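Survey of secondary and tertiary structure
What follows is the residue order along each chain.
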Amino acid sequence: MSKGRLIVISGFSGSGKGTVVKKLVEKYDYSLSISATTRAPREGEVDGREYYFKTVEEFKSLIDYNGLIEWAQYVENFYGTPRKFVEDEIKSGKNVILEIEVQGAMSIKSQYPDALLIFISTKDVETLHDRLVNRGSETEDVIKKRMQRAAEEAESMENYEFIVINDELDKCVDDIHSIVVSESCKKENRTEFMIDIKNQLTAQA
Ligand code: 5GP
């Protein structure tokens, strides 16, 4: 069985990437990695569903025993990707989505060179700001910090292989799925298949 692939999805806070990822998992057969974080749960978030919510001490001990494949500090909190789930899913041939910020994405690319790096943006800055305000879960100070962070992240868009605009949810979801499908059809990713079919045809000739 061929190995699964890592699909790294990043985007500005407020780009709607969480909804996009949820829809990708519902509509197509992606597996979603659930991160660990020291951030407090937002209303409606459930431990083990959106995140594994950890204390700073618990998070540090995860780092210490190599339980995370990457981690980063974002605004005031730590976030990291648990190792075991990702490694097991890839081994079993599943494509795994990591919804993580840019430092984590760079770290994943250096460890897994065939990971696909996709950046999601709103169509403009006003939409981004409005979405953060309308979410209603963040203080003015945090919104300001997230907008500042977005300005830094915009510098890193260069390092992504695909930039997808989330203007219409369904289109954005389908665009991302198309990227993954076309990447998997590239001949570099079909080596085993080509050898196999050539051998079979030669044998019966
Ligand atoms: P939020 O607090 O809005 O849920 O997430 C803040 C940021 O942390 C988002 O950009 C999100 O993609 C990122 N993030 C979530 N999980 C991880 C993770 O495991 N690793 C890294 N590096 N970033 C993460």
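A brief look at the structure comes next. Here the structure is a predicted model, which is why all the values come from computation and not from measurement.

Looking at the nonpolar core
Grouped together as the largest cluster of nonpolar side chains are 19 residues, with contacts concentrated most on Leu 6, Val 8, Val 86, Leu 98, Ile 108, Tyr 112 and Ala 115. When contributions to this core are tallied by element, the ones reaching two or more residues are β1 (6-11), α3 (83-91), β7 (96-99), α4 (102-111) and β8 (116-121). The biggest single contributor to this core is α4, with three residues. Not counting residues up to four positions away in its chain, the partners in contact with Leu 6 are Val 86, Ile 90, Val 96, Leu 98, Ile 108, Tyr 112, Ala 115 and Leu 116. Val 21, Ile 118, Ile 120 and Ile 179 belong to the second-largest nonpolar core, a separate cluster that totals 16 residues.

Some remarks on the site of the ligand
The environment of the ligand is formed by 16 residues, the closest being Ser 35, Arg 39, Tyr 51, Tyr 79 and Glu 101. A distance of 2.5 Å separates an oxygen atom of the ligand from a polar atom in the side chain of Tyr 51. Between the ligand and Glu 101, the relevant distance is 2.6 Å, taken from a nitrogen atom to a side-chain nitrogen or oxygen of the residue. Within the complex, 96% of the 510 Å² of free accessible area of the ligand lies under protein. Put simply, the parts of the chain that give the shell around the ligand at least two residues each are β5 (68-74) and β6 (77-82).

Regarding the sheet that holds strand β9 (residues 162-165)
Taken in spatial order, the five strands make up an open sheet running β2-β7-β1-β8-β9, and their pairing is parallel. Each edge of the open sheet carries a strand with a single partner, namely β2 (31-32) and β9. With five bridges connecting them, β1 and β8 associate as parallel partners. By the bridge assignment, Ser 10 is partnered in β8 with Phe 119. Contacting β1, β2 and β7, α3 runs over the sheet at an angle of about 150° to β7. Taken strand by strand, α4 contacts β1, β7 and β8, and its axis lies near 155° from that of β1.

Section: the packing of helix α5 (residues 125-135) against helix α6 (residues 140-156)
Between α5 and α6, the least distance of the axes is 11 Å, while the angle of their chain directions is 150°. By the angle between their directions, the pair α5 and α6 is classed as roughly antiparallel. The hand of the α5/α6 crossing is right-handed. Across from Val 125, Leu 128, His 129, Leu 132, Val 133 and Arg 135 in α5, the residues of α6 making contact are Ile 143, Arg 146, Met 147 and Ala 150. Taken together, the residues of the contact of α5 with α6 break down into seven nonpolar, one polar and two charged.

Description of the pattern of salt bridges
The full count for this structure, using the stated rule, is 18 salt bridges. Lys 17 is paired through a salt bridge with Glu 99; the nearest N and O atoms lie 3.8 Å apart. Of this pair, Lys 17 sits in helix α1 (residues 17-27) while Glu 99 sits in strand β7, and the two are 82 residues apart along the sequence. Note on Lys 17: relative accessible area 14%, which makes it buried.

Thresholds applied
- Residues numbered from 1 in each chain as written.
- Predicted model: local features only at pLDDT ≥ 70, side-chain atom pairs only at ≥ 80, totals over all residues.
- Heavy atoms only, no water.
- Core = buried A, V, L, I, M, F, W, Y, C linked by side-chain atoms within 4.5 Å.
- Buried < 20%, exposed > 50% of the residue type's maximum accessible area, 1.4 Å probe, protein only.
- Helix = DSSP H or I, 4+ residues; strand = E, 2+ residues; numbered from the N terminus.
- Contact = heavy atoms within 4.5 Å.
- Near = heavy atom within 4 Å.
- Polar contact = N/O pair within 3.5 Å; in protein donor to acceptor, adjacent residues only side chain to side chain.
- Areas by Shrake-Rupley, 256 points an atom, 1.4 Å probe, with all protein chains shown as cover.
- Pairing = 2+ DSSP bridges.
- Axes fitted to C-alpha atoms, helices over the stretch in contact; angles between N-to-C directions.
- Parallel < 35°, antiparallel > 145°, perpendicular 65-115°, else oblique.
- Left-handed = near helix turned anticlockwise from the far one by under 90°.
- Nonpolar A, V, L, I, M, F, W, Y, C, P; charged D, E, K, R; others polar.
- Salt bridge = Lys/Arg side-chain N within 4 Å of Asp/Glu carboxyl O.

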